[in-house]
Amino acid sequence: MSMPADATVHLRRGEAPAVAPPPRKRRFSRAVREAGLGYLLLLPAFVIFSVFIFYPFLRNFYLGFFSTPPFPGQPKNYVGLDQYKDVLTSSEFLDSLKVTVIFAAITVPVGIALGILLAVLAHQKLKGVGIYRAFFSSTVATSIAVASVIFGTLLSPQVGLLQGIQTEPSILQNPDPIINISLPVIRSFIPSVALTAVAVITIWQSLGLSFILMSAGLQAVPDEIQEAAEIDGAGPWTRFWNVTLPLLSPTIFFAFVVGSIFAFQTFGQIDLLTPRGGPLKTTNVLTYFIYDQLQFAKNDGKAAVLAIALFGVTLLLTLVQFSFLERRVSYER
Amino acid sequence: MSVEPITLRGTELSGRAGTEVEATRPGKRGRRLRIFGRYVALSVLAFIVHLTIYITLVNSLLQPSQIASKSPTFFPTSPQWHTYADAWSDGHLATYLRNSFIQTGLIVVGQLVTSILAGYAFAFLRFPLKRTLFVVFLATLMVPFEITIVTNLQTINTLGWYDTFAALAVPFLATGFGAFLLRQTFLQLPKDLQDAAKLDGYGHIRFLTRVAVPLARPTIAALAVFSFLSAWNQYLWPLLVTKDDRLRTVQIGLKQLRATNIDQVNVTFAGIVLAFIPLVILLLIFQKQLVRGLTAGAVKG
């Protein structure tokens, strides 16, 4: 359908004879060849995904039909959909889902907002601003394991920076505060100190990436538009809200979607900082719950059901984001 | 912020006629103040972001007793440089670093190629089931890696790849994240460019290599950095598919270092520093690519 349109374009131009492609014999129409090229370009990624993601993932559905016997060595029982029903209605699962949602709701918006803040500040024509850019992007050099080791040591009551701070006895008696982290001040206005501590570490560790993404997005915004707005008398605040943010919206949308997906899969920092899902399971995010079922409970049937649930929830969230948020994104075309 | 009172004063003093003349001098001072303010803001943020890294550096040079002391030390008066030698030799960091570089290099190149190709297809080509396939690609992001491990290990064994670089790299040669990111970037390219290229008789392959990829360079660099980091920071998978130090990567080395030096926290901190120095260098190299503007590329091309 694109072909006749192009043909008319070529015919209408004055320099048509020079521009029009020389007529060649083609075995397939242009649309077919375009589609063929499309599939060809997708093929390498698709093969990798099929073998290492889709196949193992789909196998989980099959595993979910079998309950794991209480003693190893016994044959697995086919229970069909019963296991799905039991696991997905359990309070254990719903609590874990709640923890996961809270964790994502803290880390994603805060991380993106801080990334934008740093990127906008470092996107100025100032001498030596490159040094600041290098500084801000350098937290990406820390892995979640490294960040966890650093913060774990810094916050630990034995060797950490906070050992001098007087911890209120009432907080010590509260079972919630944390394996080895004491942050009395934050205690009053957040759901769980352990979860917040893990969230803060996550935000810090991902800040460099958020900064790089937002900076790359800002690079794509032509300076002329900013300058035009400035000439029109728009102050820095107006320029930020009315020019920078809309032009940055594809990048922000991307960061939001991908950030949410990653937040739903948080694992390393949970495992390293708050073993076995944290105090009173306050950091028992879904991925950790799955790992726990696989590693300690040796219940791969239940783990498979949980994995599918995690996948379903994330997929739903992404589809919602696409249908409600992408409308507000202004693409170039 | 300092601009407001100045304009106010300008109007008060000289009325409408003199505003232009009056505004120039204090305007200059205001601008200098504003620039100074920006530096202050940048510095404060840089300090906050880097406090922890600074403490890591300092701790790597302290004695264990100083780290554990009630009054924290913020500057190493007698730096213990030997911690780095200890970390390097005890932790076999040279081998680990080499292995990490090979694994990471393979993954980065693979991911860039597959992502650019897929991103291009999703942005510029028309074919049946495009929307569905795009959702399928996005869906790969939603499968937590942990749940694929058991089956993937069996696959690796079936292929005879256990304890090889293939096992370390091949499962990660494609990324839905990269395809999505490049689709978004390609969609941001001005439509005029595409039309112009079409008029010049560019086919899709030429448009991809000569126009789209050069213009998307900042994003591609960002993706390279991201791929590098996620590959470099892998832990569980390298541990499962390799059997000894010969092919093990630096993250595992760190964990082992930490486990064997519980009483010597400073050596662990030194190991952390050694493991992220290559990343900092790499980042500094990529910085230029990241900084290079999209529009600057368009003018050049």
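These numbers were taken from a predicted model, which means no experiment stands behind them.

A short note on helix H11 (residues 236-264) of chain A
Taking 1.5 Å per residue, 29 residues should reach 42 Å; H11(A) reaches only 35 Å between its end C-alpha atoms and comes up short. Maximum bend of H11(A): about 55°, positioned at A:Ser249, with proline A:Pro250 one to four residues after it.

Some details on the domain arrangement of chain B
Residue and element names in this part refer to chain B. For chain B, the assigned domains read domain 1 (3-68) and domain 2 (82-300). Going through the elements one at a time, helix H1 (3-61) and helix H2 (64-68) are the ones with two or more residues in the side of domain 1 that touches domain 2. The dominant element in the side of domain 1 that touches domain 2, judged by the number of residues it contributes, is H1, at 5 residues. Looking at the side of domain 1 that touches domain 2, its residues break down into 5 nonpolar, 4 polar and no charged.

Description of the nonpolar core
By size, the foremost hydrophobic cluster in this structure holds 149 residues, and its most contacted members are A:Ile290, A:Leu306, B:Ala118, B:Tyr120, B:Val225 and B:Ile272. Looking at which element gives the most residues to this core, the answer is helix H9 (residues 193-219) of chain A, with 16 residues. If near-sequence neighbours (up to four positions away) are discounted, A:Leu306 is found in contact with A:Val87, A:Phe93, A:Leu286, A:Phe289, A:Ile290 and A:Gln293.

Some points on the confidence of the model for chain B
Residue and element names in this part refer to chain B. For chain B, the average pLDDT comes to 79, and 83% of its residues sit at 70 or higher. No element of chain B has a lower mean pLDDT than helix H15 (residues 294-300), at 33, and none a higher one than helix H7 (residues 165-169), at 94. For the stretch residues 1-24, pLDDT sits under 50, and the model shows 15 contacts to residues farther than four places along the chain or on other chains. Within the model, the stretch residues 293-301 combines pLDDT values under 50 with 13 contacts to residues more than four positions away or in other chains. Complex prediction metrics read pTM 0.72 and ipTM 0.76.

Quick look at the packing of helix H3 (residues 30-63) of chain A against helix H6 (residues 145-158) of chain B
One can describe the packing of H3(A) onto H6(B) by two numbers: an axis separation of 8 Å at closest approach and a directional angle of 115°. The orientation of H3(A) with respect to H6(B), classified from their angle, is roughly perpendicular. Here H3(A) and H6(B) pass one another in a crossing that is right-handed. Here A:Val51, A:Phe52, A:Ile53, A:Tyr55, A:Pro56, A:Phe57, A:Arg59 and A:Asn60 of H3(A) lie close against H6(B), whose contacting residues are B:Ile147, B:Thr148, B:Thr151, B:Asn152 and B:Thr155. Residues that form the contact of H3(A) with H6(B) fall into these classes: 7 nonpolar, 5 polar and 1 charged.

Rules used throughout
- Residues numbered from 1 in each chain as written.
- Chains lettered and ligands numbered in written order.
- Predicted model: local features only at pLDDT ≥ 70, side-chain atom pairs only at ≥ 80, totals over all residues.
- Helix = DSSP H or I, 4+ residues; strand = E, 2+ residues; numbered from the N terminus.
- Expected span 1.5 Å × (residues − 1).
- Bend = angle between axes of the 7 residues up to and from the residue.
- Domains from an automatic or database assignment.
- Nonpolar A, V, L, I, M, F, W, Y, C, P; charged D, E, K, R; others polar.
- Core = buried A, V, L, I, M, F, W, Y, C linked by C-beta atoms within 7 Å.
- Buried ≥ 20, exposed ≤ 12 C-beta atoms within 10 Å, placed from the backbone.
- Contact = placed C-beta atoms within 7 Å.
- pLDDT = per-residue confidence, 0-100.
- Axes fitted to C-alpha atoms, helices over the stretch in contact; angles between N-to-C directions.
- Parallel < 35°, antiparallel > 145°, perpendicular 65-115°, else oblique.
- Left-handed = near helix turned anticlockwise from the far one by under 90°.

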